[in-house]
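The residues making up each chain are set out below.
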Amino acid sequence: MVPELPPLPALTRAEGEFIDAYLEVVDLLGRINPSRSSHTYGALRAAQALVGRVNALRDALTVMHVRGESEVHAETLARALRVLDGERRAGRVTVPETPDS
């Protein structure tokens, strides 16, 4: 049986869209990462999709700003990222450690 995940913290719709778009960008960057990919076609497709997801990220932040959501509640958004497996997903963007010789 799969363990139950903690609930997402309460987010505004724009904050939810911000988190979703951010994670999609992170996922695409992980697919593009030259230290972790093995085929140019997959990286190319991810790079092409990145443009649209970056626009969605910008739009979510714009909506937050226009609505007066001038502060990013980092602690709350970090909890949401953890629930959505953001640490593992963001780890794919980094360069892997070299194996010990």
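Residues numbered from 1 in each chain as written. Predicted model: local features only at pLDDT ≥ 70, side-chain atom pairs only at ≥ 80, totals over all residues. Heavy atoms only, no water.

Caption draft 1: Focus on the pattern of salt bridges. Tallied over the entire structure, the rule returns five salt bridges. In this structure, Asp59 and Arg58 form a salt bridge, with 2.9 Å as the shortest nitrogen-oxygen distance. Measuring nitrogen to oxygen at the nearest pair gives 3.8 Å for the salt bridge that ties Glu87 to Arg82. Of the residues examined, Glu87 reaches a relative accessible area of 59% and is grouped as exposed. (Salt bridge = Lys/Arg side-chain N within 4 Å of Asp/Glu carboxyl O. Buried < 20%, exposed > 50% of the residue type's maximum accessible area, 1.4 Å probe, protein only.)

Caption draft 2: The arrangement of unusual backbone geometry in detail. Its identity is not glycine, yet Asp85 carries a phi of approximately 65°, on the positive side. Looking at the secondary structure, you find Asp85 in the loop between helix 3 (74-83) and helix 4 (86-91). Note on Asp85: relative accessible area 33%, which makes it partly exposed. (Helix = DSSP H or I, 4+ residues; strand = E, 2+ residues; numbered from the N terminus.)

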